[in-house]
Amino acid sequence: MNDVAESPVDLARQETVGRILDSAERLFRHYGYTKTNVADIARDLGMSPANIYRFFASKVEIHQAICGRMLGAVYQMACEILRAEGSASDRLRRFIYAQHNLTVETMLDQEKVHEMVVVALERDWHVIEKHIDRLHDLIAEVIAQGIATGEFSKQDPQIAARCFGAATATLCHPQMVSQCVNKPNRATFEELTEYALRALK
């Protein structure tokens, strides 16, 4: 079956949407989400606010689209790690380490990015729940492979994936990481990861 080529109008729309999101993300990162409005984005692009509203109904909708794009990049990273070569334990370990490092370096070291993420989490957007479900599905695949090879004990991979995600949430959730990182009375991310992996065995 031949793929249907996109029309010039569709391509132009995608290009404009991409420019709006790039500008909005740059401004959100520089000035902060709450201090940036649609007029600022329009000014940065040399267009009118009315033109922005042709593509997005509100600043919240722009934020949702940026959030979806950021989560898409995280999911791609997860796929590359969890579907690579290696034992199930090694892949899960690398995934959690990568998630933790991304959270610390991107979400916390860049305060304005952290603000964007916190606002999204507080609003409990569907895009975030969908992202969590997709990650759980990837983790369940790896756990099922570990069960098949005898690396992990027999169990329901989906339930195990949700439990593994919950057990390591403090390593990846921006607000939890910001409260727990570098505190001597909390488990280190290495300790917590190994504890979660042992539970699968």
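Residues numbered from 1 in each chain as written. Predicted model: local features only at pLDDT ≥ 70, side-chain atom pairs only at ≥ 80, totals over all residues. Heavy atoms only, no water.

## With respect to the packing of helix 4 (residues 59-82) against helix 7 (residues 126-148)
For any two helices packed against each other, the geometry comes down to the angle between their axes and how far apart the axes lie. Condition: Here the axes come from fitting lines to C-alpha atoms, over the contacting stretch only for helices, and the angles between their N-to-C directions go from 0 to 180 degrees. Numbered from the N terminus, helices here are DSSP runs of H or I no shorter than four residues, and strands are runs of E no shorter than two. Convention used here: angles under 35 degrees read as roughly parallel, angles over 145 as roughly antiparallel, angles from 65 to 115 as roughly perpendicular, and any remaining angle as oblique. Contact criterion: two residues are considered in contact whenever any of their non-hydrogen atoms come within 4.5 Å of each other. Only Asp, Glu, Lys and Arg are considered charged, only Ala, Val, Leu, Ile, Met, Phe, Trp, Tyr, Cys and Pro nonpolar, and every remaining residue, Gly among them, polar.
Relative to each other, helix 4 and helix 7 sit at 5 degrees, their axes nearing to 10 Å. Taken together, the axes of helix 4 and helix 7 are roughly parallel relative to one another. Of the residues in helix 7, those touching helix 4 at Cys67, Gly68, Leu71, Val74, Tyr75, Ala78, Cys79 and Leu82 are Val127, Ile128, His131, Arg134, Leu135, Leu138, Ile139 and Val142. Looking at the contact of helix 4 with helix 7 residue by residue, the class counts come to 13 nonpolar, two polar and one charged.

## Focus on the nonpolar core
Here is the rule we go by: Only buried residues count toward a nonpolar core. Its members are Ala, Val, Leu, Ile, Met, Phe, Trp, Tyr and Cys residues joined through side-chain atoms within 4.5 Å. Exposed residues in this analysis have more than 50% of their type's maximum accessible area, buried residues have under 20%, and partly exposed residues fall in between, with area computed by a 1.4 Å probe over protein chains only.
Within the largest apolar cluster, 27 residues are counted, with the highest numbers of intra-cluster contacts made by Leu82, Leu92, Phe95, Ile139, Ile143, Phe164 and Leu200. Top contributing element to this core by residue count: helix 7, with seven residues. Dropping the residues within four chain positions of it, Ile143 is found in contact with Leu92, Phe152, Pro157, Ala160, Ala161 and Leu200.

## Some details on the UniProt feature "DNA-binding region" (unreviewed entry) in the chain
Selection rule: UniProt positions are given in the numbering used here, feature names are shortened, and annotations may be inferred rather than shown by experiment.
Sequence positions flagged by UniProt for "DNA-binding region" (unreviewed entry) are, in local numbering, residues 37-56. When the span residues 37-56 is considered, its composition is 65% helix and 0% strand, and the gap between its end C-alpha atoms is 13 Å.

## A word on the packing of aromatic side chains
Heads up, the condition is: Two aromatic rings, drawn from Phe, Tyr or Trp (for Trp, its six-membered ring), form a pair once their centres lie within 6.5 Å of each other, and the interplanar angle then sorts them: stacked below 30 degrees, edge-to-face above 60, tilted otherwise. In our convention, an over-ring charge means Lys NZ or Arg CZ found within 6 Å of a ring centre and within 35 degrees of that ring's normal.
Under the definition given, this model contains two aromatic pairs. Relative to Tyr33, the ring of Phe28 has its centre 5.1 Å away and its plane inclined at 70 degrees; by these criteria the two rings are edge-to-face. For the residue pair Phe28 and Tyr33, the accessibility class agrees, reading buried in each case. When the centroid spacing of 5.1 Å and the interplanar angle of 85 degrees are considered together, the rings of Tyr97 and Phe189 count as edge-to-face. In this pair, Tyr97 sits in helix 5 (residues 88-108) while Phe189 sits in helix 11 (residues 189-200), placing the two residues 92 residues apart along the sequence. Overall, the relative accessible area of 24% leaves Tyr97 in the partly exposed class. Above the ring of Tyr75, the side-chain terminus of Arg134 is found at 3.6 Å from the ring centroid.

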